[in-house]
Amino acid sequence: MNQMIFVNLPVKDLETSKGFFEKLGYTANPAFTDETTACIVISDTIFVMLLSEPRYQDFIKKDVADARKTSEVILCLSAESREKVDELADAALAAGGFPSNDPMDYGHMYGRSFQDPDHHLWEVMWMDPAAVAGGGQV
């Protein structure tokens, strides 16, 4: 079995956050979704667990960070082409996301970033397979 990752994120409004990811083409797994949690399926091995802030607090002993003011992580998804990077980033902005950094274009690597409705930082990145296979710098 391939190793999986479950990224857990606190959200202020579960339905808004769930709707945002659905507008990007992802689905919620109903077996792991209820009134406090939504399991967003990114791929066969990547899942985003959207947890209402009170539910998220059940799992931690620290304060919940306000992602509008602080950052703890940047979540980066790969894309199969430069065009797919633009498609996902544009869809995120159209779905209620917020701009983040300027696009990054290094020729062999292209990426864009956005913030979800709770201001968590996301990047979408394409890397030229020939540069990766040839040991190009990332």
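All values derive from a computational prediction rather than experimental measurement.

Reading the values: the criteria
- Residues numbered from 1 in each chain as written.
- Predicted model: local features only at pLDDT ≥ 70, side-chain atom pairs only at ≥ 80, totals over all residues.
- Heavy atoms only, no water.
- Patch = residues over 30% accessible without salt bridge, like charges linked within 9 Å, V, L, I, M, F, W, Y side chains within 5 Å.
- Areas by Shrake-Rupley, 256 points an atom, 1.4 Å probe, with all protein chains shown as cover.
- Salt bridge = Lys/Arg side-chain N within 4 Å of Asp/Glu carboxyl O.
- Helix = DSSP H or I, 4+ residues; strand = E, 2+ residues; numbered from the N terminus.
- Buried < 20%, exposed > 50% of the residue type's maximum accessible area, 1.4 Å probe, protein only.
- Pairing = 2+ DSSP bridges.
- Contact = heavy atoms within 4.5 Å.

Caption draft 1: Molecular detail of a nonpolar patch on the surface. Together, Met1, Met4 and Phe6 line one region of the surface with nonpolar side chains, adding up to about 400 Å² of accessible area. Position of Met4 among the secondary structure elements: in the segment before strand 1 (5–11). A residue is classified by how much of its surface remains accessible, and Met4, at 36% relative accessible area, is partly exposed.

Caption draft 2: Representation of the pairing of strand 8 (residues 109–115) in the model. Of all 7 residues making up strand 8, 7 are buried, and the element is well covered by its neighbours. Side chains of strand 8 alternate between two faces, with Met109, Gly111, Ser113 and Gln115 and Tyr110, Arg112 and Phe114 buried alike. Of the strand pairs in this sheet, strand 6 (residues 98–99) and strand 8 are connected by 2 bridges, and their pairing is antiparallel. Bridge pairing in strand 8 links Phe98 to Gln115. As defined by bridge partners, strand 7 (residues 104–105) adjoins strand 8 across 2 bridges and the pair is classed as antiparallel. Considered in strand 8, the bridge of Asp105 is made with Tyr110. Here strand 7 folds back onto strand 8, and the loop between the two strands holds 3 residues, one of which, Gly107, carries a positive phi near 85°. Two strands pair when backbone bridges link them, and strand 8 and strand 9 (residues 121–127) are joined in this way by 7 bridges, in the antiparallel orientation. Considered in strand 9, the bridge of Gln115 is made with Leu121. Where strand 8 folds back on strand 9, the antiparallel hairpin that results is connected by 5 residues, among which His119 adopts a positive phi of roughly 70°.

Caption draft 3: Summary view of the pairing of strand 4 (residues 46–52). When you tally the buried positions in strand 4, you get 6 out of 7 residues, the bulk of the element. Strand direction decides the pairing type here: strand 1 and strand 4, joined by 7 bridges, are parallel. By the bridge assignment for strand 4, Pro10 is matched with Leu51. Here strand 3 (residues 37–41) folds back onto strand 4 in antiparallel fashion, the turn holding 4 residues.

Caption draft 4: Region of interest: the environment of Val85. Here Val85 is to be found in helix 3 (residues 82–94). Separated by 65 residues in sequence, Val85 and Phe20 have C-alpha atoms that sit 17 Å apart. Once residues lying within four places of it in the same chain are set aside, the contact partners of Val85 are Ala79, Tyr110, Gly111, Arg112, Val124, Met125 and Trp126.

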